[in-house]
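# Structural description and commentary
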Amino acid sequence: MNELAILDAMQAWHNPVLDPLVAVFTSTSNHGELWILLGIVLLCFRRTRKAGAGVLVAVALGAVVTNLTIKPLLMRPRPCDVNAAVAMIVPRPSGSSFPSGHTTAAFAAAAALWIARRPTAPAGLIAGVTVAAALMGLSRMYCYVHYPTDVLAGAIVGTLAGLAAARLMDALWKQRAKPSIPRGPAGSDYPAGSDSPNNPDDGRGPGAPEMRP
């Protein structure tokens, strides 16, 4: 089935109640604001601080790959530019259609929460963000500004960005959790209190002559 035909079929869903709701929702992520705000809020609480950092890193990675790399290379026309007769419920966006930056940011935030190891985000939050990410992708097609393949590509890029961010946060938090080992005297490679060539455990002290029978 032609992608424009899919989008045209979705136009039958439009109604005076749904249109403003979708327009407001999709506009909350014009520059990733919704997911950036989510990350900042999570950073404010110790239990979710790691998750918040992962979300922010994932959204940034997704933006670099999508907006600064793929879009300028491909410059795919948007469906609203191909079929300008369709009535728009959001301002006509500029730039390349492929992939969907809104979807990338949404799935980057969701994947960063899915994949993170302990400490993890609350299960209810993960489920809510996942549903919101799926709805964001649908909203871009409903608004006639992205093709289904734009949304699919955005979901893939976002998930990979979330995976990379989650793994990075896991490594950083694991490093932070390692206990520090006190060092011995200056220039010594031995921890304080451990046996060393100058500190044998026979109680004779450093530099004592060797006792022979």
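Below or above, wherever it landed, is the structure these notes cover. Just so you know, these numbers come straight off a predicted model, no measurement behind them.

### Details of the packing of helix 3 (residues 33-43) against helix 4 (residues 49-74)
For the pair helix 3 and helix 4, interaxial distance at closest approach is 7 Å and the crossing angle is 155°. Relative to helix 4, the element helix 3 lies roughly antiparallel. Handedness of the helix 3/helix 4 crossing: left-handed. On helix 4, the residues touching Trp35, Ile36, Gly39, Ile40, Leu42 and Leu43 of helix 3 are Arg49, Ala51, Gly52, Ala53, Val55, Leu56 and Val59. Here the contact of helix 3 with helix 4 is built from residues that sort into 10 nonpolar, 2 polar and 1 charged.

### What to know about the layout of surface pockets
In this structure, the largest pocket spans a volume of roughly 460 Å³. Lining the largest pocket are 25 residues, with Ser29, Asn30, His31, Asn67 and His102 positioned closest to its centre. Taken together, the elements giving at least two residues each to the lining of the largest pocket come down to helix 2 (18-27), helix 4 and helix 6 (101-115). Split into classes, the residues belonging to the lining of the largest pocket amount to 6 nonpolar, 16 polar and 3 charged.

### Side note on a nonpolar patch on the surface
A cluster of nonpolar residues, Trp13, Val17, Leu18 and Leu21, forms a patch on the protein surface that exposes about 410 Å² of accessible area. Using a relative accessible area of 32% as the deciding quantity, one classes leucine 18 as partly exposed.

### So, the packing of helix 3 against helix 7 (residues 123-142)
Running from amino to carboxyl end, helix 3 crosses helix 7 at an angle of 170°, the nearest separation of the two axes being 13 Å. Relative to helix 7, helix 3 is oriented roughly antiparallel. Seen from helix 3, the contacting residues are Trp35, Leu38 and Leu42; seen from helix 7, they are Leu125, Val129, Ala132, Ala133 and Met136. Partitioned by chemical class, the residues of the contact of helix 3 with helix 7 number 8 nonpolar, no polar and no charged.

Cut-offs and rules
Residues numbered from 1 in each chain as written. Predicted model: local features only at pLDDT ≥ 70, side-chain atom pairs only at ≥ 80, totals over all residues. Heavy atoms only, no water. Axes fitted to C-alpha atoms, helices over the stretch in contact; angles between N-to-C directions. Helix = DSSP H or I, 4+ residues; strand = E, 2+ residues; numbered from the N terminus. Parallel < 35°, antiparallel > 145°, perpendicular 65-115°, else oblique. Left-handed = near helix turned anticlockwise from the far one by under 90°. Contact = heavy atoms within 4.5 Å. Nonpolar A, V, L, I, M, F, W, Y, C, P; charged D, E, K, R; others polar. 1 Å grid on protein atoms, 1.4 Å probe; cavity = no way out; pocket = protein on both sides within 12 Å on 5 of 7 lines; lining within 4 Å. Points joined across faces, edges and corners; volume = space filled by probe spheres on them. Patch = residues over 30% accessible without salt bridge, like charges linked within 9 Å, V, L, I, M, F, W, Y side chains within 5 Å. Areas by Shrake-Rupley, 256 points an atom, 1.4 Å probe, with all protein chains shown as cover. Salt bridge = Lys/Arg side-chain N within 4 Å of Asp/Glu carboxyl O. Buried < 20%, exposed > 50% of the residue type's maximum accessible area, 1.4 Å probe, protein only.

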